[in-house]
Every structure is written in C-alpha cells, then in structure tokens.
Amino acid sequence: MRTALSCLSAAAAALLSITAPAAAQVKIKLVEIASGLTHPLAMVSIPDGSGRMAVIEQHGVVRIIDERGRLRPEPFIDISAKLPPLRPYFDERGLLGIAFHPNYRENGKFYLAYSVPLRSKLFERKVWWSHTNVVAEYKVSKDDPNVADDRTERIISEIDWPQFNHNGHWIGFGPDGMLYISTGDGGYANDWGIGHNVTMGNGQDLMSPHGKILRINVDSDDPIPPDNPFVGRNDALPEIWAYGLRNPWRCSFDMGGDNELICGDVQQNSYEEVSVITKGANLGWRRMEADKCFDFLQPDNHPADCDKTGLTMPILYYNNCTAKRENCKGISVTGGFVYRGEYKDWDGKYIFGDWSMSFDTMDGKIFIATKGADGKWTMEETEVEGMEKLPYILAFAQDEKGEVYALTSISTGPVGGHDKIYRIVPAAP
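Now for a quick tour of the structure. Because the structure is predicted, anything quoted here is derived from the model rather than measured.

1. Description of the overall build of the chain
- A tally of regular secondary structure across the chain gives one helix and 28 strands.
- On C-alpha atoms alone, the chain measures out to a radius of gyration of 20 Å, which is about the 22 Å that the 2.2 N^0.38 rule sets for 429 residues.
- With the principal axes as the frame, the chain shows a C-alpha extent of 60 × 60 × 40 Å.
- Counting only residues that meet the buried cut, the chain has 60% of its 429 residues in that class.
- Considering only residue pairs separated by 6 or more positions, the chain has 62% of its internal contacts joining residues 24 or more positions apart.
- Accessible area of the chain: about 16900 Å², with a carbon and sulfur share of 49%.

Right, dumping it as structure tokens:
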C-alpha cells in the first residue's frame, strides 16, 4: 500500500521544496536486513532493551526481527481474521500501524491500527460506506516475549470510513507520552463525494475525524488531554491536534532536536508535500494542494489566489507525475525519519521517499532533505549503489540507534511474501 498510496486518486512526487537549484545526487547503499515479507507497512523497535524490532504486514500479521537480526517465522500476533478481504492487486486497508507503549518494559502494552468491516449497527445510516478503522491496545503474553496475547484487546478508537483509501493511521507516541493517530480525508479524490463535507471537505471540517492528527491519552479514563487545542469548543472534536491533511502516509517524531512531528502528506494530482505538524495547525487541504491554491471541481487547474489565512505551509513540496510531468519524481510521497545514527554527515537530515514514478512499474525513490541555516528545507535525490530502479517504497523505519530503513515491495498489493527491508547507509566513496 502505503501507499496510503492514494495512487488511485492521484498522489505524488518530484523534486524539491521551496526554490533551490537541482543538486548532485547523494549516493547511498541499501543493505538487506529482512526478506520474505508481505507488504511491510511499518517497523518499530520494541522498547524493552532486547534489541528486537516488530514489523507489520498489511494482511494482518506482526513479525519479530530478533536481536541477531533474524526474522522469526511465527507471528508475534495475527489479526488477519479481523480484516475485510483485501484486494490483492491494490488496497489501502489492512493492518496499518503499530506503536509500543513508552512503559512497555513494565506494562507489556502495544497498539495496532487496522481496518475491519463497517460496524453493522451503523450500516443503515451509512449506506455505501467502506469499512471502520480501529486502534486497539494489546498486551504481550506473560509466558513468551515473542508472542502477544490477542485476548487482551481493548478498543481505543473506531472511525467509520467512506471509501477504501486515504486511511492514514500511522500511530506513534510522542515525547509527551500521548498517542498520536494520523487520519486521511476519507478517500476517493478531491475530498468530496460520499462521506465528505460538501462545503469545505473533511480536511477543514473540525467536526470530522478525517484528515487530522488526533492526540489521545491511553493511560487515562478520560482519553482527551486537557491541553489539546480544541478542547472546550462546541464546533470541534476535542481529540484533534492538527487538521487540513489529505492522506498522511507515515509520520515520525524526530529523536533529537526539538522532537518535531513530521508527516509526508499525499496530495492530489499535481504536487506532494512534507509538513511539520504543530499544535492546532491547519495544513491547508482542501483549500490548498501543497503550497498551491486548490479547486476540487478543477483539481488540475490551480487558482492564482485564495485565502491562506491561518494555514501552515509545507516544508517540502514537489511535482507529482500524474499532472506535472516536468521535473516530477513520483506519484505518492512516503514520509520518513530524521536521521540520528552513526553517520554524522547525515545527522539532522530527513530521509523520505516516494512510492514509485508510476503505478504499473516499480520505480521507487529515496530522498534526503536538509534544513538550511535560514530554516528552509531542500531535498536531493539519491543514487542507489547496484540498483538501477528501486522497488515500491512502502514506508521507512528507525531503530533505537537512529538508523533509518526502507520497507519495500515488488508488488502493488498485499500478496506474495517476497518483500524486503533494507538499512540505508552511505555508499562507499
């Protein structure tokens, strides 16, 4: 997927942010660390000192990479029976996110974000809606650290979804101990149609959970943190942290610096964007596509002017190959991580990518972005040693040491068991 892929409705990628000239490609190498996976959409460190990593596969299985770097054959947990039937050629539903509680060593709690069939009790008033996205809490088995106890499920969040796509549902704990949840605008294209606010779109509708970053406290009987920006308002959902997103496909908190929350937000036909997410921020969708004014009735023809009052502009944006073929770099941005590993020349650089240059042929992209002294970001393409074209770039990951990984697939859908994870390192000079 990753596709939060929004490929069906467009999505995308190409070069640079702001206005820097093209630069020489950064030479990198991809070191394989795991194979035999099926559409790995996220990988996170297990915070118990064991050195293990947990990988989610879109079809509903969580696998463990042990402290010696070996992919364990048996699942940590298998929730595939809960999911709706996934389309093998392309789907944006499934097991979408994983996060371990900051106090996992003591409480054994972790969280999964996944799709289930639409809640039947709501079907009569939501005819033609697609499914429900769930965030649920689980606990590890008391007897085996490599096996979870699926009987411990506790539902944290349930959001009904109009279309099969634009699900978002990256989840992660911030440095404040709160759980953050990314949500797409509900699907289809242009933020309109069944299940969308006709007047402004879901992204701008503060009474809709779609197109948002949500923030909740999983350790309190009242899950709404009192310092959320819209608490106490009658015209906004109190769980909203930020809004105006289209399809945030993979977010991350910087391990260093100011611990900024950065998301790759898949746009429509013309542009892609990366944004820093702050408290109460309006990222602009569907008033804007990246830094351009947007008309949902004429999505490829951007108005020369519009009301940008109160909007937060992206830190990076670039052309999408769907409509802006000149200097384009892909069709669906994949958010990444700020590098904090052993290669000091990369410290503070943001590593991210794009799913592919096209839907039909795998041609993924990896970019490295740098923040200048003036606060503006620029980005460079990478040249991968020994690989003329990359697989589809589903997601990125980061371990406890700050190293960054690329999660890849050679298919557009969750099938096969033939996908790989690579560590990203500088190529030898």
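2. Side note on the sheet that holds strand S16 (residues 261-265)
- Taken in spatial order, the four strands make up an open sheet running S15-S16-S17-S20, and their pairing is antiparallel. The open sheet terminates on both sides in strands that have one partner only, identified here as strand S15 (248-253) and strand S20 (316-319). If you compare each strand with its neighbour and ignore which way they point, the axes differ by 15 degrees on average.

3. Observations concerning a nonpolar patch on the surface
- A cluster of nonpolar residues, Val 127, Trp 128 and Ile 194, forms a patch on the protein surface that exposes about 340 Å² of accessible area.
- Position of Val 127 among the secondary structure elements: in the loop between strand S8 (109-117) and strand S9 (131-140).
- A relative accessible area of 38% places Val 127 in the partly exposed class.

4. Digging into the nonpolar core
- Membership of the largest hydrophobic core comes to 47 residues, with the highest contact counts inside it found for Val 62, Phe 76, Ile 77, Phe 110, Leu 112, Tyr 114 and Phe 352.
- In contact with Leu 112, not counting residues within four places along its chain, are Val 62, Ile 77, Ile 79, Leu 95, Gly 97, Ile 98, Val 134, Val 135, Ala 136, Tyr 138 and Ile 171.
- Ranked by size, the runner-up nonpolar core spans 19 residues in total, among them Trp 161, Ile 171, Leu 214 and Ala 236.

5. Topic: the pattern of salt bridges
- Counted according to the given criterion, the structure contains 20 salt bridges.
- Arg 52 is the partner of Asp 48 in a salt bridge, and the nearest nitrogen-oxygen pair spans 2.6 Å.
- Taking relative accessible area as the criterion, Arg 52 reaches 5% and is therefore assigned buried.
- Arg 119 serves as the salt-bridge partner of Asp 160, at 2.7 Å between the closest nitrogen and oxygen. Remark: Arg 119 occurs in the loop between S8 and S9 and Asp 160 occurs in strand S10 (residues 148-161); sequence separation between them is 41 residues.

6. Comments concerning the side chain of Arg 93
- Within the secondary structure layout, Arg 93 lies in the loop between strand S6 (77-78) and strand S7 (95-100).
- A distance of 2.7 Å separates the side chain of Arg 93 from the side chain of Asp 91, its partner in a polar contact.

Cut-off values and rules
Residues numbered from 1 in each chain as written. Predicted model: local features only at pLDDT ≥ 70, side-chain atom pairs only at ≥ 80, totals over all residues. Heavy atoms only, no water. Helix = DSSP H or I, 4+ residues; strand = E, 2+ residues; numbered from the N terminus. Rg over C-alpha atoms; globule rule 2.2 N^0.38 Å. Buried < 20%, exposed > 50% of the residue type's maximum accessible area, 1.4 Å probe, protein only. Contact = heavy atoms within 4.5 Å. Areas by Shrake-Rupley, 256 points an atom, 1.4 Å probe, with all protein chains shown as cover. Pairing = 2+ DSSP bridges. Axes fitted to C-alpha atoms, helices over the stretch in contact; angles between N-to-C directions. Patch = residues over 30% accessible without salt bridge, like charges linked within 9 Å, V, L, I, M, F, W, Y side chains within 5 Å. Salt bridge = Lys/Arg side-chain N within 4 Å of Asp/Glu carboxyl O. Core = buried A, V, L, I, M, F, W, Y, C linked by side-chain atoms within 4.5 Å. Polar contact = N/O pair within 3.5 Å; in protein donor to acceptor, adjacent residues only side chain to side chain.

Everything listed is a geometric property; what it means functionally is a separate question.
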